[in-house]
2 protein chains.
Amino acid sequence: MTIPDLVIDRLPQYARVLASLDDQGRDVVSSQEFAELLGRRGDGADRPWSAAQVRKDLSYFGRFGKQGRGYNVRKLMDELRSILGLNRQWRMAVVGIGRLGHAILGYQGFTPQGFRIVEGFDSSPHLIGQHVDGLTIRNTADLEATLKETRVDIGIVAVPAETAQSVIDALVRCGVRAILNYAPISARVPKSVQIRHVDPVLALQSMTYYLKASATLD
Amino acid sequence: MTIPDLVIDRLPQYARVLASLDDQGRDVVSSQEFAELLGRRGDGADRPWSAAQVRKDLSYFGRFGKQGRGYNVRKLMDELRSILGLNRQWRMAVVGIGRLGHAILGYQGFTPQGFRIVEGFDSSPHLIGQHVDGLTIRNTADLEATLKETRVDIGIVAVPAETAQSVIDALVRCGVRAILNYAPISARVPKSVQIRHVDPVLALQSMTYYLKASATLD
């Protein structure tokens, strides 16, 4: 069975809500409460989640919902984590150890979720060889040589816009098949490579339309 | 005319491509080249952009495309920037000045786009009163009093997950109508408030499904 990409995209949020319910010792959740716990979608449409959406998305997994009883929290969580590949360790390299890269290296949220930063690269002579959060920063020029020796699943790009595409190209040449890009560029990667953008400016710009509209009504 | 929310959500990316073309002195762009410059969508579906999508989205603005000639870069950019409210200054407050908050305060990408950070808050006694990037960090406890005196359009939430919802609630009480949330929570806000999430873990988790799938095929 093929699960649509847009459903896959929502599953991490479902898994997070389920983990939080599991932490609270909850066994069962209804689609209605599930939707409420998901809160606002926070995307362009930014609608509240609906119980119907939750039921429809989870129907791809067939056997979880029981009419009138709701979903088994632990079972559904384990299944989603397995589908998403969250029950294993993923190895990541960060390229660009400026202020943003430092914040990424220090972020406490990756390791508990199975995402481990194993390499950090920068091109600044002041940074190369420095120890940051248990890593020795390597020269970005040595990226390809290093990744021949060390398996890295995911590349995190935290360099300035001007050099981001060339870093992405180098990661792709090294066989990295997933890229989390913080640089404000429209990056190009082959079809076989996944890319996601973390771009606060685009997120801000998608809100000002609504601020402007309501300001006009004031 | 009402522009669908999902189209609004894509306009910032269109405006960015147009600004880059304008910088290069380009006058006209075809929908085909436009789609190529947009690269990969980087969302769940992560398809390449299509010329048809570009034409359809821009058709809401009616009078730009000329059959066989393409879009006037400067005119379309100005119109999109005006629609999105990007031709003015927006005032932002950052709550939480840890490593992430520091990276946000130091980010060079906000100001050129009209987003100005005017206040920074933290609850740590070590930080309160410190000067960081030209701001004097205030006590988060004084958030509501401060925002009564100072207009802030957008709140940036960079506190840990545990305190994020209460910070969001305080910002909403102060009349802030747009929130950029970096905390890994399913935040709740009233309908009248826009919220966008910046969450690298969710982005990573939406890629591992594909890594896992292709790893299995190896």
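So, here's what we can say about the structure. (Residues numbered from 1 in each chain as written. Chains lettered and ligands numbered in written order. Predicted model: local features only at pLDDT ≥ 70, side-chain atom pairs only at ≥ 80, totals over all residues. Heavy atoms only, no water.)

All names here are of chain B. Closest axis-to-axis distance for the helix α1 (residues 5-23)/helix α2 (residues 31-38) pair is 10 Å, and the angle between their directions is 105 degrees. Accordingly, the angle class assigned to the pair α1 and α2 is roughly perpendicular. Across the interface between the two elements, Gln 13, Tyr 14, Val 17, Leu 18 and Leu 21 from α1 touch Glu 33, Phe 34, Leu 37 and Leu 38 from α2. Residue composition of the contact of α1 with α2, by class: 7 nonpolar, 1 polar and 1 charged. (Axes fitted to C-alpha atoms, helices over the stretch in contact; angles between N-to-C directions. Helix = DSSP H or I, 4+ residues; strand = E, 2+ residues; numbered from the N terminus. Parallel < 35°, antiparallel > 145°, perpendicular 65-115°, else oblique. Contact = heavy atoms within 4.5 Å. Nonpolar A, V, L, I, M, F, W, Y, C, P; charged D, E, K, R; others polar.)

Looking now at the nonpolar core. Core analysis: the biggest nonpolar cluster contains 105 residues, and Phe 34 and Leu 80 of chain A together with Phe 34 of chain B have the highest contact counts within it. Setting aside anything within four residues of it in sequence, one finds Leu 80 of chain A in contact with Leu 11, Tyr 14, Ala 15, Leu 18, Leu 58 and Phe 61 of chain A. (Core = buried A, V, L, I, M, F, W, Y, C linked by side-chain atoms within 4.5 Å. Buried < 20%, exposed > 50% of the residue type's maximum accessible area, 1.4 Å probe, protein only.)

To continue, consider the environment of Tyr 14 of chain B. All names here are of chain B. Structurally, Tyr 14 can be placed in helix α1. Take Tyr 14: its relative accessible area is 0%, and that puts it in the buried class. Each C-alpha atom, one on Tyr 14 and one on Leu 80, is 8.1 Å from the other, the two residues being 66 residues apart in sequence. With residues up to four places along the chain from it excluded, the contact list for Tyr 14 reads Phe 34, Leu 38, Trp 49, Gln 53, Val 54, Asp 57, Leu 58 and Leu 80.

Comparison of the two chain copies shows a relationship of rotation about an axis with a shift along it. The transformation that overlays chain A on chain B combines an axial shift of 0.0 Å with a rotation of 180 degrees, and the residual RMSD is 0.0 Å. In the structure described here, the two chain copies are related by an operation that fits a two-fold rotation axis. A shared interface surface links the copies, since 100% of the contact residues of chain A are contact residues in chain B too. (Least-squares fit on C-alpha atoms with pLDDT ≥ 70 in both.)

This part covers the interface of chain A and chain B. Between chain A and chain B, the residue contacts involve 78 residues of the former and 78 residues of the latter. Carbon and sulfur atoms supply 60% of the area that chain A and chain B bury against each other, a total of about 6,900 Å² over both sides. In this structure, the connection of chain A to chain B is made through 4 salt bridges. Where Asp 199 of chain A meets Arg 16 of chain B, a salt bridge forms, and the shortest distance between an N and an O atom there is 2.5 Å. Broken down by secondary-structure element, the contributors of at least two residues to the side of chain A that touches chain B are α1 (5-23), α2 (31-38), α4 (73-84), β3 (90-95), α5 (99-106), β9 (178-181), β10 (194-197) and α8 (200-217) of chain A. Here the side of chain A that touches chain B takes 15 residues from α8 of chain A, the largest share from any one element. Residue classes in the side of chain A that touches chain B are distributed as 42 nonpolar, 17 polar and 19 charged. (Buried area = accessible area lost by both parts, 1.4 Å probe. Salt bridge = Lys/Arg side-chain N within 4 Å of Asp/Glu carboxyl O.)

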